[in-house]
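One letter stands for each residue in the lines below.
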Amino acid sequence: MGLPQFRVSQLIHWMYEKNAACIDDITEFSKPLRETLKGFSYIGGLKILKKTASPDGTLKLLFGLEDGLSVEGVLIPDEYRLTLCVSSQVGCAMGCRFCLTATMGFIRNLRADEIAGQVMAVRQELQAQGGVSSEITNIVFMGMGEPLRNYDGVVRGINILTGFMGISKRRITLSTAGVVPELQKLYKEIPEVNLAVSLNATTDETRSSLMPVNNKYDIGSLLRACGRLPISSRRRITFGYVLLKGINDTPADARRLIALLKGLNAKVNLIPFNEYDGAKFEPPDEKTVLEFQQILVDRHVTAFIRKSMGREIGAACGQLRTCYEAAQTELPS
Ligand code: SF4
């Protein structure tokens, strides 16, 4: 438009810091400039259609998109952090057998503005409630969808979050089922983001039966790729392991897991399967879960057990549940 550069900074300031809901809110712009902008653009946004609070303090959110579709998020408070779990796709094509989102199939990728828009919508909601101390501190891509199957949208979304909205890359965690080429590409571009890998099995046979992506990128290729990522030695890769009764919960599985993670700077999140209507799996009993954890801890593998936060509100997608960073418990070693 031939405008001076500082207009861009002003626009970003009004959109992302002052939460302008429409171009007319940008009173720093002259009326003729606002009219010109309105001729070809508008400020969009997501609506929070539904909020469901759980007694454990988590808040499940349903975000309405402009085309009438919706995605889910979860806001998880703990003593030190306020974590927002965001979605990257409407539905998911990955077909993980234990996951509720998988039953929807894939509908579409979210755009970058829709990814950042989830954070904006929650920020605005918190500000409206007057919660100055309730600033979102951490973002996790563990909601609906496989973030690495929406590579461009997610990377651009992260760039908006970190470039315009003041969120540090180190406070962003991306969770993947293991799409190896995009994983390597992502860490060339943004090596600062934290990585969570949804592993869930210790043999290719079992993992392929649970997660079809394993037929393309098996455990060996996934873990080798993880080992080569340019991640700082101070930061660990989190491996998610949904415990399914009679499928992947034996002491032999725990021992194989130790062997697989050898040489990696890793920690393990054990997630007893969170049942939902029509689910084909069950969680192991508590004793089995604790024994599994103890085998790992005995061999100096850091292993947390996730409590079932959010169960009351049905925040139970295979990955959505792993958002509950607040709920981790560690055995004393
Ligand atoms: S667990 Fe994640 S990657 Fe797998 S189907 Fe569910 S949303 Fe997709």
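Keep in mind it's a predicted model, so treat the numbers as computed, not measured.

### Quick notes on the overall build of the protein
A count of helical and extended segments in the protein gives nine helices and 13 strands. Its C-alpha atoms give the protein a radius of gyration of 21 Å, within 12% of the compact-globule value 20 Å for 333 residues. Principal axes of the C-alpha set define a box for the protein whose edges measure 70 × 40 × 35 Å. Per-residue burial over the protein gives 52% buried out of 333 residues.

### Focus on helix 5 (residues 180–189)
Every buried residue of helix 5 is listed here: V180, L183, L186 and Y187. Within helix 5, the buried residues cover an arc of 120 degrees as seen down the axis, which keeps them to one side. As for helix 5, its buried residues are in contact with helix 4 (151–163), strand 8 (172–176), strand 9 (194–198) and helix 7 (219–228).

### Structural notes on the pattern of salt bridges
Counting across every chain of the model gives 15 salt bridges. Across the salt bridge formed by K51 and E125, the nearest N and O atoms sit 2.4 Å from each other. Taken together, the residues span a long stretch of sequence, with K51 in strand 1 (residues 47–53) and E125 in helix 3 (residues 112–128) at a distance of 74 residues. For K51, a relative accessible area of 40% corresponds to the partly exposed category. For R123, the salt bridge identified is with E135, shortest N-O distance 3.3 Å. Here R123 is found in helix 3, whereas its partner E135 is found in the loop between helix 3 and strand 7 (138–141), with 12 residues between them in sequence. Classification of E135 as partly exposed rests on a relative accessible area of 37%. Here the residues in one salt-bridge network are D24, K31, R34, E35 and K38, joined through shared partners.

### Side note on the domain arrangement of the protein
Under the domain assignment, the protein is made up of domain 1 (1–43) and domain 2 (45–330). Relative to domain 2, the C-alpha centre of domain 1 lies at a distance of 36 Å. Opposite the six residues of domain 1 that make contact, domain 2 presents nine residues. Buried surface at the junction of domain 1 and domain 2, both sides included, amounts to about 650 Å², of which 53% is carbon and sulfur. Per-residue buried area on domain 1 facing domain 2 is highest for I12, Y16 and N19; these three make up 75% of the total on that side.

Criteria and thresholds
Residues numbered from 1 in each chain as written. Predicted model: local features only at pLDDT ≥ 70, side-chain atom pairs only at ≥ 80, totals over all residues. Heavy atoms only, no water. Helix = DSSP H or I, 4+ residues; strand = E, 2+ residues; numbered from the N terminus. Rg over C-alpha atoms; globule rule 2.2 N^0.38 Å. Buried < 20%, exposed > 50% of the residue type's maximum accessible area, 1.4 Å probe, protein only. Arc of directions from axis to C-beta. Contact = heavy atoms within 4.5 Å. Salt bridge = Lys/Arg side-chain N within 4 Å of Asp/Glu carboxyl O. Domains from an automatic or database assignment. Buried area = accessible area lost by both parts, 1.4 Å probe.

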